[in-house]
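Structure at a glance
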Amino acid sequence: MENSSFLRKTARSAQIYREAARWIPGGVTANIKYFDPYPIVMDSASGTYLYDVDGNQYIDYNLCYGALILGHGNQSVIDAINQAFARIGTPIFGTPHRLETEMARVLVDMYPGIEKVRFTNSGLEATLLAIRLAMAWTGRKKLAKFEGHYHGSYDQVLISVNPQQRNLERHPVKTLDSLGLPDYYAENIVVLPFNEWDQTEEILHQHRHEIAAVIMEPIQGGFIPPDETFLKRLRELTHQYGMVLIFDEVKTGFRTGLSGAQGIYGVVPDLTALGKVLGGGFPVGAVGGWEEVMELCSPASGVDILTTEQQPPSLGQDQPLFHSGTYNGHPIVLTAGLATIQVLRKPGVYPQLEATTTQLRNGMEEILNRYGIACQTVGVGSIFNLVLSDLPVRRIQDVLESNLTLRRKLDTQLLNQGIFIKPLNRFSLSTAHTPEVIDETLERFELAVKSLVR
Ligand code: PLP
């Protein structure tokens, strides 16, 4: 790798990273944060910019894996947090409070599939609760998930997330994506191929009496859109077979628009998992869905919500479905989330985000084409991926078949030129990325491409 300039520019990062690796496995607190030769250690941030410990400045297109839709340190969010903290006088009550109701009402207003809500501290916990609700509602024990779809780092769903290049068969392959995963989870997982309707239909039919839920990212990885009728057909079939349809909108919620992917495609799931943007930069998750299903976790007695006809099979017991978490519904987190949503609700915010994203996508494609590099950008709203191939991208395998070696080299050069993305990852934009910032990015991008073809 021609990264001598990277090594020179990031010497202090290397030093701090080495120290971290003495005490923290791999020197990172989440595996995804690692990249070769070592991850850059950041020191401060403002708007679109990140500053590392060596004093280098980067235009940030990772934005904490898409969470920071308003960029770093948005003033409305900071003010809201400071005011909330001054008013309530504590980080957390450990009791119900009004912000929970306020946020729940916002979500019910915006998401067609949400009638009631529970909060969690991460996207992981949100998908986990959604799956538990589906199992309880149906009394079934299998979960169907799509190959290449990520739902968090826990045993039940760390399966077939990262198909390897050598597994490029067009039928879905069951893989365990971590050490330490017991077989018994995999035995109850049914793997489906995204955007391949005939196979999906056949597999669901085969397991129609056992599958409790189908969980999916309606836009795979936040960037590969579903084929036109795929979601609609899946909605109809899961309904017919009595399976709960879970949309994992942790990445797409409030990203692709105020109502996430379900708002764009007009398909309403039974349960929705949210996270990322919802926390305004703080740890958060939420599950929302139909009242009857959500009420399974209500411990309240005497609340006459379920009629006899609505009683699901597992409700013969006295115990509700258990859901808990010391920090669930954290007031400061919800304050940051509400302040973020308030900004996002202003007219023109999403069109502006889409305009700057289009400016960047078109500019990158134009530059790469000029240098004779086959490429395309693939995405929805303000997230996209840069795929170095001109073949259609409908599944994660299509990305794996693209020129990843060149993409990896390009990403190192992008870091050298002060464009921050996690190598091989997606680009996310924020409201702080003005047209001028995009122009600046494209100048740096061209320098990176030039240094590759020299
Ligand atoms: N679901 C999707 C679609 C995600 O993209 C992620 C995180 O990237 C998760 C779930 C897990 O969320 P968290 O990292 O907050 O646990």
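Quick look at the structure, then.

Rules used throughout
Every residue gets a number counted from 1 within its own chain, in the order that chain's sequence is written. Only residues with pLDDT of at least 70 get local features here, since the model is predicted, and only at 80 or more are side-chain atom pairs given and counted; chain-wide, interface and lining totals rely on the full set of residues. Throughout this description, the term nonpolar core refers to a group of buried Ala, Val, Leu, Ile, Met, Phe, Trp, Tyr and Cys residues whose C-beta atoms join them within 7 Å. Counting other C-beta atoms within 10 Å of each residue's C-beta, where C-beta atoms are placed from the backbone, gives the exposure class: buried for 20 or more, exposed for 12 or fewer, partly exposed between. By definition, any uninterrupted DSSP run of H or I lasting at least four residues is a helix, any uninterrupted run of E lasting at least two residues is a strand, and each is numbered from the N terminus. Those domain boundaries reflect an automatic or database domain assignment. In this text, near has one meaning. A residue is near a molecule or strand if its C-beta atom, placed using the backbone, is within 6 Å of it. Classes in brief: Ala, Val, Leu, Ile, Met, Phe, Trp, Tyr, Cys and Pro nonpolar; Asp, Glu, Lys and Arg charged; the others, Gly included, polar. Where helices are involved, their axes are fitted lines through C-alpha atoms of the stretch in contact, as for all axes, and angles between N-to-C directions lie from 0 to 180°. The scheme is simple: roughly parallel for angles under 35 degrees, roughly antiparallel for over 145, roughly perpendicular for 65 to 115, oblique for anything else. Left-handed is the label given to a crossing in which the near helix is rotated counterclockwise from the far helix by less than a right angle, and right-handed is the label when the rotation is clockwise. Each residue gets a C-beta atom placed from its backbone, and two residues are in contact if those atoms lie within 7 Å. Think of it this way: DSSP has to see at least two bridges between two strands before they count as a pair.

Concerning the nonpolar core
Counting 105 residues, the largest nonpolar core has A130, A134, A213, V214 and I246 as its most contacted members. Broken down by element, this core gets its largest block of residues, 10 residues, from helix α6 (residues 123–138). Composition of this core by domain shows at least three residues from each of domain 1 (4–73 + 347–453) and domain 2 (75–344). Formed by five residues, the second largest nonpolar core is a distinct cluster that contains V157, L158, I159 and V161.

Looking at the site of the ligand
Of all residues adjacent to the ligand, which total 13 residues, the nearest are S122, G123, L124, G152 and V250. Counting residues per element, the shell around the ligand draws most heavily on α6, at three residues. Split into classes, the residues belonging to the shell around the ligand amount to four nonpolar, six polar and three charged.

Notes on the packing of helix α15 (residues 404–416) against helix α16 (residues 435–453)
Two elements in contact, α15 and α16, have axes whose closest approach is 9 Å; the angle formed by their N-to-C orientations is 130 degrees. The angle between α15 and α16 falls in the class oblique. Note on packing geometry: the crossing formed by α15 with α16 is right-handed. In this structure, α15 uses K409, L410, Q413, L414 and N416 to contact α16, whose residues at the interface are F445, A448, V449, S451 and L452. A class-by-class count of the residues in the contact of α15 with α16 yields six nonpolar, three polar and one charged.

Points about the environment of F420
Considering the arrangement of structural elements, one finds F420 in strand β13 (residues 419–420). Each C-alpha atom, one on F420 and one on I114, is 35 Å from the other, the two residues being 306 residues apart in sequence. Leaving out residues up to four positions away in the same chain, F420 has contacts with L50, Y58, I59, D60, Y61, N62 and L415.

Thoughts on the sheet that holds strand β11 (residues 376–380)
The strand order β11-β12-β14 describes an open sheet built from three strands, whose pairing is antiparallel. Of all the strands in the sheet, just β11 and β14 (427–428) have a single pairing partner and so form its edges. Alignment of strand β12 (residues 383–387) against β14, held across two bridges, turns out to be antiparallel. If you follow F384 over to β14, its bridge partner there is F427. In the packing of helix α13 (residues 349–370) onto the sheet, contacts are made with β11 and β12, and the angle to β11 comes to roughly 165 degrees.

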